Amino acid sequence: MNAVATIIRNVEQGAAITRSDALRLLTDADLIQVGKLANGIRCRLHPDNLVTFVKDRNVNYTNICESKCRFCAFYRDEGATDAYLLAEEEIFAKIRELVAQGGTQLLMQGGLHPGLGIDWFERLFREIKARFPAVQNHSLSPAEITQIARVSKLSLPETVSRLKAAGLDSVPGGGAEILVDRVRAEISPRKIGWEGWAAVMREAARQGLPTTATMMFGSTETPEEVVEHIFRVRELQADGGSFTAFIPWTFQPGNTELGGQTATGVEYLKVLALSRIVLDNIPNIQASWVTQGAKMAQVALFFGANDLGGTMLEENVVAAAGCRFRMSGDEMVNLIHGAGFRAAQRTTLYRIVTTFDQG
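Each chain has its residues counted from 1, running along the sequence as written. Given that the model is predicted, a residue must reach a pLDDT of at least 70 before its local features are reported, and side-chain atom pairs must reach 80 or more before they are shown or counted; all residues, however, enter totals for whole chains, interfaces and linings. For side-chain calculations, the full set of non-hydrogen atoms in the structure is used, while hydrogens and water are omitted.

### Details of the packing of helix α10 (residues 223–238) against helix α11 (residues 265–278)
Fitted lines through C-alpha atoms serve as axes, helices being fitted only where they are in contact, and the angles separating the N-to-C directions of these axes extend from 0 to 180 degrees. Starting at the N terminus, helices and strands are each numbered in turn, a helix being any DSSP run of H or I of at least four residues and a strand any DSSP run of E of at least two. At a minimum axis separation of 10 Å, α10 and α11 run at an interaxial angle of 35°. The element α10 and its partner α11 pack so that their crossing is right-handed. Seen from α10, the contacting residues are Val-226, Val-227, Ile-230, Phe-231 and Arg-234; seen from α11, they are Val-271, Leu-274, Ser-275 and Val-278. Residues that form the contact of α10 with α11 fall into these classes: seven nonpolar, one polar and one charged. Should the near helix be turned counterclockwise from the far one by less than a right angle, the crossing is left-handed, whereas a clockwise turn marks it as right-handed. Residues count as neighbours in contact if any of their non-hydrogen atoms are within 4.5 Å of one another. Three classes are used, and their members are as follows: Ala, Val, Leu, Ile, Met, Phe, Trp, Tyr, Cys and Pro are nonpolar, Asp, Glu, Lys and Arg are charged, and the others, Gly among them, are polar.

Structure below.
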């Protein structure tokens, strides 16, 4: 029995996978081998044949950002003619439209604005909670929370505590990119390092906030660094983390300083499958239809994914790089049914809101 076959057999029998095992699967196993193993794990964790999604809106409250990441086409300097900071009433109007369409999740993310301290966010979040109490405020990446703490001259625990008290319900895992500082120094040198990202996630979990984790791959990282990222997320979860889902997605090079080529569909599926295999302590793996499109999202459901993320009534960051896939709730349901699964709308925390029978 060769090395890949031995690793697959051991994982199927419940053995813990090592970094070297994972690297071997990523580099030496064929796509179908890895996909079959991941699909078996998905079926064991989610035996109900259900694929979920959430109705959400990504409100990018500002594109002004000090970080200026080389992979990002969204950010603007503060003095740029197309720089913006949304007024509160604009934000409320967007949330009102989300609620009118049956949405339950608000994903508010923006640039690292040099002038926005915690007072701005506390006032906004309190008003959001007062006006839209049923909406989950799933907002602010670790880099944004760190920026708020710096601008406000507050400790990280105090910043998280005050944001939570004002109405922050959970923390999305954006800004993870690759959780290896060699890569981060190359593609996002002004952004927090991987330990800074981890510190916010540890603190959010300590204070009872659910979180998610992401990975953007296909830029300048090596296969070893992809594996390291996934294992660092796994270890954070094992050490008291509150990750409900992991979302790997591919770098989109359009209109960016970094440039280059996007990862292939095969590369995407292999990394997705490896994520399901390694992250046995995180319940949900999301397929990124926003970067991959509907057809690849269907295929991803057989490579370890059990969730399709959000319908994203609005999304601007990935779109700025020229990637503009869109999907309605009905299209999401039809996509899931077309792949042979049962469809369900969920909340941010994976409570089922509605199931949809096939016609």
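The rest of the description comes next.
### So, the sheet that holds strand β2 (residues 56–59)
Whether two strands pair comes down to DSSP finding at least two bridges between them. The strand order β2-β3-β4 describes an open sheet built from three strands, whose pairing is parallel. Only two strands of the sheet have a single partner each, and these edge strands are β2 and β4 (136–137).

### So, the pattern of salt bridges
Salt bridge, as used here: a side-chain nitrogen of Lys or Arg that lies within 4 Å of a carboxyl oxygen of Asp or Glu. Inspection of the entire model under this criterion finds 18 salt bridges. Each of Arg-19, Glu-228, Arg-232 and Glu-235 takes part in one network of salt bridges that share partners.

### Digging into the pairing of strand β10 (residues 352–356)
Two strands pair when backbone bridges link them, and strand β9 (residues 342–346) and β10 are joined in this way by four bridges, in the antiparallel orientation. From the neighbouring strand, Arg-346 faces β10, where its bridge partner is Ile-352.

### Side note on the UniProt feature "binding site: S-adenosyl-L-methionine" (unreviewed entry) in the protein
As recorded in UniProt, the sites labelled "binding site: S-adenosyl-L-methionine" (unreviewed entry) are Phe-71 and Glu-177. Relative to the helices and strands, Glu-177 resides in the loop between α7 (156–166) and α8 (181–187). Three exposure classes are used, based on accessible area relative to the maximum for each residue type with a 1.4 Å probe and protein chains only: buried under 20%, partly exposed in between, and exposed over 50%. For Glu-177, a relative accessible area of 4% corresponds to the buried category. Distance and chemistry together define a polar contact, namely a pair of N or O atoms within 3.5 Å, with one atom able to donate a hydrogen and the other to accept it when in protein, and with adjacent residues in sequence counting only for side-chain atoms on both sides. Separated by 3.1 Å, the side chains of Glu-177 and Lys-191 make a polar contact. UniProt positions are given in the numbering used here, feature names are shortened, and annotations may be inferred rather than shown by experiment.

### Section: the environment of Val-271
One can find Val-271 in helix α11. In this structure the C-alpha to C-alpha distance between Val-271 and Val-226, which are 45 residues apart in sequence, comes to 8.1 Å. Ignoring sequence-local partners within four residues, the contact set of Val-271 consists of Leu-26, Met-215, Phe-217, Val-226 and Pro-248.

### Re unusual backbone geometry
Phi angles above zero are rare outside glycine, and Leu-140 is one such case at about 70°. Along the polypeptide, Leu-140 turns up in the loop between β4 and α6 (142–152). In the Ramachandran plot, Lys-153 falls in the positive-phi region, its phi being about 55° despite a non-glycine side chain. By secondary structure assignment, the location of Lys-153 is in the loop between α6 and α7. Looking at Lys-153, the relative accessible area reads 76%, which means it is exposed.

### Some words on the packing of aromatic side chains
Side-chain rings of Phe, Tyr and Trp (the six-membered ring for Trp) are treated as a pair once their centres are within 6.5 Å; stacked means planes under 30 degrees apart, edge-to-face means over 60, and tilted covers the remaining angles. For the structure on display, the rule yields eight aromatic pairs. Judged by centre distance (5.6 Å) and plane angle (85°), the ring pair of Tyr-61 and Phe-121 falls under edge-to-face. Of this pair, Tyr-61 sits in the loop between β2 and α4 (88–100) while Phe-121 sits in helix α5 (residues 118–131), and the two are 60 residues apart along the sequence. Classification of Tyr-61 as buried rests on a relative accessible area of 1%. Residue class for Phe-121 comes out buried when judged on its relative accessible area of 2%. One Lys or Arg, Arg-346, reaches over the ring of Tyr-350 and ends 4.0 Å from the middle of that ring. In this analysis the charged atom, NZ for Lys or CZ for Arg, is taken to sit over a ring once it is within 6 Å of the ring centre and within 35 degrees of the ring normal.

### So, the nonpolar core
Across soluble globular proteins, you tend to see nonpolar side chains buried next to one another. Throughout this description, the term nonpolar core refers to a set of buried Ala, Val, Leu, Ile, Met, Phe, Trp, Tyr and Cys residues connected via side-chain atoms within 4.5 Å. The biggest cluster of nonpolar side chains holds 101 residues, and the ones touching the most others in it are Leu-25, Ile-91, Phe-125, Ile-128 and Leu-308. Broken down by element, the residue count for this core peaks at eight residues, all from α11. Filtering out sequence-adjacent residues up to four positions away, Ile-91 remains in contact with Val-59, Tyr-61, Leu-86, Met-108, Trp-120, Leu-124 and Ile-128.

### Examining the side chain of Lys-270
Relative to the assigned elements, Lys-270 resides in helix α11. By the counting scheme adopted, Arg and Lys are positive, Glu and Asp are negative, and His together with the chain ends is not counted. No salt bridge is formed by the buried Lys-270; the nearest opposite charge belongs to Asp-30, separated by 7.2 Å.

### Considerations on the side chain of Thr-104
Within the fold, Thr-104 resides in the loop between α4 and β3 (105–108). Dropping the residues within four chain positions of it, Thr-104 is found in contact with Val-54, Lys-55, Ala-134, Val-135, Gln-136, Gln-345, Arg-346 and Thr-347.

### Description of the sheet that holds β9
If you walk across this open sheet you meet the four strands as β8-β1-β9-β10, and the pairing is mixed. At either end of the open sheet lies a strand with only one pairing partner, and these are β8 (307–310) and β10. On average, each strand axis in the sheet is tilted by 20° relative to the strand beside it, whichever way the strands run. Here strand β1 (residues 50–54) runs beside β8; their pairing, made up of two bridges, is parallel.

### A few points about the packing of α5 against α7
A packed helix pair is summarised by two numbers, namely the angle formed by the two axes and the spacing between the axes. At their nearest, the axes of α5 and α7 sit 8 Å apart, and the two run at 25° to each other. As judged from the angle between their axes, α5 and α7 are roughly parallel. Between α5 and α7, the residues in contact are Ile-118, Asp-119, Phe-121, Glu-122, Phe-125 and Arg-126 and Thr-159, Arg-162, Leu-163 and Ala-166, respectively. Split by residue class, the contact of α5 with α7 holds five nonpolar, one polar and four charged. Any angle between 65 and 115 degrees counts as roughly perpendicular, while under 35 counts as roughly parallel, over 145 as roughly antiparallel, and the rest as oblique.

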